[in-house]
Protein chains: 2
Amino acid sequence: MGALELRHPGGTTEIRVGPGLLGDPPEPVVRRLAGRTVFLLSTPRVRELWGEAPGPLVAGARRVVELSAEDGEGAKSLATAGRLWEEMIAAGGKRDSRLVAFGGGSLNDLGGFVAGCFLRGIEVVQVPTTLLAQVDAAIGGKTAIDLPGAKNSVGLFHHPGAVLADVSLLETLPPGELRSGLVEAIKMASLLDLDLLERIEADLGAILAADPEVLAPVVEGAARAKVRVVEADPGEAGWRRVLNFGHTLGHAIETALGYRELRHGEAVAYGMLFAARLAVARGGDRELAERLRRLLGRLELPELPVLDPPALLSLMGRDKKASEKGLVWVLPAGPGRPELTRDVDPGLVARELAGFLRDPWG
Amino acid sequence: MGALELRHPGGTTEIRVGPGLLGDPPEPVVRRLAGRTVFLLSTPRVRELWGEAPGPLVAGARRVVELSAEDGEGAKSLATAGRLWEEMIAAGGKRDSRLVAFGGGSLNDLGGFVAGCFLRGIEVVQVPTTLLAQVDAAIGGKTAIDLPGAKNSVGLFHHPGAVLADVSLLETLPPGELRSGLVEAIKMASLLDLDLLERIEADLGAILAADPEVLAPVVEGAARAKVRVVEADPGEAGWRRVLNFGHTLGHAIETALGYRELRHGEAVAYGMLFAARLAVARGGDRELAERLRRLLGRLELPELPVLDPPALLSLMGRDKKASEKGLVWVLPAGPGRPELTRDVDPGLVARELAGFLRDPWG
């Protein structure tokens, strides 16, 4: 079992990774909930699959108040947040109450936001149930809900007290969800941890079969890479944007498709291919672009739908991470060598994008 | 003109206090807005009285986008926050945009919350237009909106980049509003700065006449006292609760009255009288209780309406600042000697409350 710590301006997040964690939860995490009112937020699907699993974790709570949000991104609405806050007030929630967010990345985002704003912030324990959330969404304190047409546009930084990544939960994950989460691990590995990249290349078959013993070190490695980046730049003032590799085009693709057809990680995979291509077009070396093409190719991603280049260019300009000074691109100068730059010729982006959309794998 | 700094975990707030500040705004604050998209949030009443006043402050902005919320506490709703966020997204707001919250305490609370959650936090400049907001609400990073029946129950800590307290704006303030704000200054003075308390006792007439030259040092003194407390305990883990003096019963009175009949500061004044009485009943010295009775008596507060003791006791137990371990009382052991304690016999509170409601000034 892996144990990591993330030190942030407000304290420390304990992160545990391993198979069977919920059945035998770490004592320090159980103690965080002991004697408290614990709001256990989940979704219908997660409760159906794993409803009894958090039992040992919350066994010491003074009382457990169950909260529910819908499955998927639809839960991340102001209306849902408002309803949950009203339920928490009605149940007598206090500043020393706790919230456990038990679900996938959308639920972790929502739960973090709801906890972060309730009575100006109560502690949240993140229990991510998808690979995407275990390697990325649940770690680092980003929380958010969506406005119509503007994903993640309302939120705050609110670091969890603890993150429990029980890789055994991934056994019930649909293969497409596993693949989508793995893309985020590949993203971090390719720029930040080449040993992890080699491990993923070597163990891909067992990873996609959700073998918990093989998944555990991959989740732990990706979590460790993310922790290092977040510790260096908790407020995303600079270096943390390295985690945005593949997301500039990826977000634009998701928005253009109305968040249908491709999963988040699938769109990010295409975004990574494009960023790598752009780096090569600016004179970077070809090795990472080729390794990514090979590795992502083995994931058997859904095909990239037909998309309109001007629409994507316009959506990228409106990206949440854009500033008034323009977009910051994360381009790989080579394996393990991320480059953050505003200095990318828009004409080059437009030309490369047209070629990319015709043949993303070329 | 007074210049203070508040150092908090995320940086520093520049606080300026003085007459005519908006007409001749400090250069460092103007620079914070220069070249940016500036969202200027205000209310119909403030725009009518002082619509042109922020002109020099935002003169260097790339563009100014006006936003409006209703006057008073009603603005602090999730619906209003949601509408403002949608307007900000539609106007192309970015992470390096700024929000200027130009209005009274409710608007400062709302504006801080809206800025704090927009794209996970943009910088807010607070320009408080009431005495209450200048000495208290605009300083210290507390932001909030209300849920039905639960004031300030949703919010976050989001410190402003700067606070401009232009005491000339107080000339148009209704006398009741001035009195209500002065109560918060008396609250801080009586526990934290006895020189300021003496100044208020000596200058009360000119203060209530809104003389800017007399108001400026009072606002600056109260702001300085608040800054010291917030710097020592930014997250309100302990010592910052000293600012809650008078608010335990005060909040309960406001809730019981449905936020009608008494203004916030008026209810807090009664809360301070009660806390001082409770301290005396526990063996504390009588000096501060008597000084408060004399000074608050000179404010000619509206009479305390008839209230039901058990209802107030129950409301105090549900206070937002209560924890599962119970209420923390702020009791004055004497002038300048605050005591924070959970150790107050509920039977004593009930008995003293009954006597107090019969004769608050006795």
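A. Fine view of the sheet that holds strand β5 (residues 98–103) of chain A. Residues and elements named next belong to chain A. Taking strand neighbours across the sheet as the criterion, the seven strands line up as β1-β2-β9-β6-β5-β3-β4 in an open arrangement whose pairing is mixed. Whereas interior strands pair on both sides, the edge strands pair on one side only; in this sheet they are β1 (2–8) and β4 (63–68). Each strand of the sheet is rotated relative to its neighbour by a mean of 15°, with strand direction disregarded. Together, β3 (37–42), β5 and β6 (123–128) form the strand contacts of helix α4 (residues 105–117), whose direction differs from that of β5 by roughly 170°.

B. Region of the structure containing the interface of chain A and chain B. Chain A puts 41 residues into the contact, and the matching count from chain B is 41 residues. Between chain A and chain B lies a buried interface of about 3300 Å² when both sides are counted; carbon and sulfur atoms form 57% of it. A salt bridge links E236 of chain A to R95 of chain B, with the nearest nitrogen and oxygen atoms 2.7 Å apart. Applying the counting rule to chain A against chain B returns nine residue pairs in polar contact (both at pLDDT 80 or more). Of all elements in the fold, only α3 (78–90), α4, β7 (142–147) and β8 (150–157) of chain A reach the threshold of two or more residues within the side of chain A that touches chain B. Tallying contributions element by element places β8 of chain A first for the side of chain A that touches chain B, with seven residues. In terms of residue class, the side of chain A that touches chain B is made up of 15 nonpolar, 12 polar and 14 charged.

C. Representation of helix α11 (residues 287–297) of chain B within the structure. All names here are of chain B. Among the residues of α11, those classed as buried are L288, A289, R291, L292, L295 and L296. In a view along the axis of α11, the buried residues occupy a sector of 165°, so they form one face of it. In this structure, the buried residues of α11 make contact with α6 (175–192), α7 (194–208), α10 (264–281) and β10 (329–334).

D. Local environment of the pattern of salt bridges. Going through the model one piece at a time under the given rule, you end up with 52 salt bridges over all chains. Between D285 of chain A and R337 of chain A there is a salt bridge whose closest N-O contact spans 3.6 Å. Taken together, the residues span a long stretch of sequence, with D285 of chain A in the loop between α10 (264–281) and α11 (287–297) and R337 of chain A in strand β11 (residues 337–341) at a distance of 52 residues. When its relative accessible area of 44% is taken as the criterion, R337 of chain A is described as partly exposed. Measuring nitrogen to oxygen at the nearest pair gives 3.8 Å for the salt bridge that ties R7 of chain B to E5 of chain B.

E. Broad picture of the sheet that holds strand β5 (residues 98–103) of chain B. Residues and elements named next belong to chain B. Within the open sheet, the seven strands sit side by side as β1-β2-β9-β6-β5-β3-β4. Their pairing is mixed. Each edge of the open sheet carries a strand with a single partner, namely β1 (2–8) and β4 (63–68). Strand-to-strand twist of the sheet, defined as the mean angle between neighbouring strand axes without regard to direction, takes the value 15°. Pairing geometry for β5 and strand β6 (residues 123–128), over six bridges, is parallel. The residue of β6 that forms the bridge with A101 is Q126.

F. Highlighting the packing of helix α12 (residues 309–317) of chain A against helix α13 (residues 346–358) of chain A. Residue and element names in this part refer to chain A. Two elements in contact, α12 and α13, have axes whose closest approach is 10 Å; the angle formed by their N-to-C orientations is 130°. Here α12 lies oblique to α13, going by the angle between them. Here α12 runs over α13; the crossing is right-handed. Between α12 and α13, the contacting residues are P309, L312, L313 and M316 on the first element and V349, A350, L353 and L357 on the second. Its residues placed into classes, the contact of α12 with α13 shows eight nonpolar, no polar and no charged.

G. Highlighting the environment of G181 of chain A. Residues and elements named next belong to chain A. Relative to the helices and strands, G181 is located in helix α6 (residues 175–192). Along the primary structure G181 and G23 are separated by 158 residues, whereas in three dimensions their C-alpha atoms are 23 Å apart. Once you skip the residues sitting within four places of it in the chain, G181 turns out to touch L131, L132 and V135.

H. Region of interest: the relation of the copies chain A and chain B. With an axial shift of 0.0 Å and an RMSD of 0.0 Å, the rotation relating chain A to chain B amounts to 180°. Taken together, the rotation angle and the small translation identify this as a two-fold axis. When C-alpha positions in chain A are compared against the rotation axis, the closest is assigned to P9 of chain A, at 3.5 Å. With an isologous cut-off of 70% or more, the 100% of interface residues of chain A that recur at the interface of chain B puts this contact in the isologous class.

I. The arrangement of helix α12 (residues 309–317) of chain B in detail. Taken residue by residue, α12 of chain B has L312, L315 and M316 of chain B as its buried positions. Each buried residue of α12 of chain B sits inside an arc of 100° when the element is viewed along its axis, so together they form one side.

J. A look at the packing of α10 of chain A against α13 of chain A. Residue and element names in this part refer to chain A. It is the contact of α10 with α13, at a shortest axis distance of 10 Å, that shows an interaxial angle of 125°. Viewed along their axes, α10 and α13 adopt a mutual orientation that is oblique. As α10 packs across α13, the resulting crossing turns out to be right-handed. Between α10 and α13, the residues in contact are Y270, L273, F274, R277, L278 and A281 and L348, V349, E352, L353, G355 and F356, respectively.

K. Structural detail: the pairing of strand β3 (residues 37–42) of chain B. Residue and element names in this part refer to chain B. In terms of burial, β3 is a largely internal element, six of the six residues being buried. Of the two faces of β3, the one lined by T37, F39 and L41 and the one lined by V38, L40 and S42 are each fully buried. Sheet topology note: the β3/β4 ladder contains six bridges and is parallel. In the strand pairing of β4, F39 is matched with V65. Read as a crossover between parallel neighbours, the route from β3 over helix α2 (residues 44–50) to β4 is right-handed.

L. Spotlight on the environment of D193 of chain B. Secondary-structure assignment places D193 of chain B in the loop between α6 and α7. Note: C-alpha distance between D193 of chain B and P335 of chain B (142 residues apart in sequence) is 9.0 Å.

M. Region of the structure containing the packing of aromatic side chains. Under the counting rule described, the total for this entry stands at 10 aromatic pairs over all chains. With centroids separated by 6.4 Å and ring planes inclined at 70°, the aromatic side chains of F39 of chain A and F118 of chain A adopt a geometry described as edge-to-face. Taken together, the positions of F39 of chain A in strand β3 and F118 of chain A in the loop between α4 and β6 put the pair 79 residues apart, joining distant regions of the chain. You can call F39 of chain A buried: its relative accessible area is 0%. Residues Y270 of chain B and W361 of chain B carry aromatic rings whose centres are separated by 6.0 Å and whose planes lie at 70° to one another, so their mutual orientation is edge-to-face. Here the residue Y270 of chain B occupies a position in helix α10, and W361 of chain B occupies one in the segment after α13 (346–358), the gap between them amounting to 91 residues. Feature note: the residues F274, W329 and F356 of chain A constitute an aromatic cluster, connected by ring pairs.

Rules used in this analysis
Residues numbered from 1 in each chain as written. Chains lettered and ligands numbered in written order. Predicted model: local features only at pLDDT ≥ 70, side-chain atom pairs only at ≥ 80, totals over all residues. Heavy atoms only, no water. Pairing = 2+ DSSP bridges. Helix = DSSP H or I, 4+ residues; strand = E, 2+ residues; numbered from the N terminus. Axes fitted to C-alpha atoms, helices over the stretch in contact; angles between N-to-C directions. Contact = heavy atoms within 4.5 Å. Buried area = accessible area lost by both parts, 1.4 Å probe. Salt bridge = Lys/Arg side-chain N within 4 Å of Asp/Glu carboxyl O. Polar contact = N/O pair within 3.5 Å; in protein donor to acceptor, adjacent residues only side chain to side chain. Nonpolar A, V, L, I, M, F, W, Y, C, P; charged D, E, K, R; others polar. Buried < 20%, exposed > 50% of the residue type's maximum accessible area, 1.4 Å probe, protein only. Arc of directions from axis to C-beta. Parallel < 35°, antiparallel > 145°, perpendicular 65-115°, else oblique. Left-handed = near helix turned anticlockwise from the far one by under 90°. Least-squares fit on C-alpha atoms with pLDDT ≥ 70 in both. Right-handed = clockwise from strand over helix to strand, strands pointing away. Phe/Tyr/Trp six-rings, centres within 6.5 Å; stacked < 30°, edge-to-face > 60°.

On their own, these measurements won't tell you what the molecule is for.
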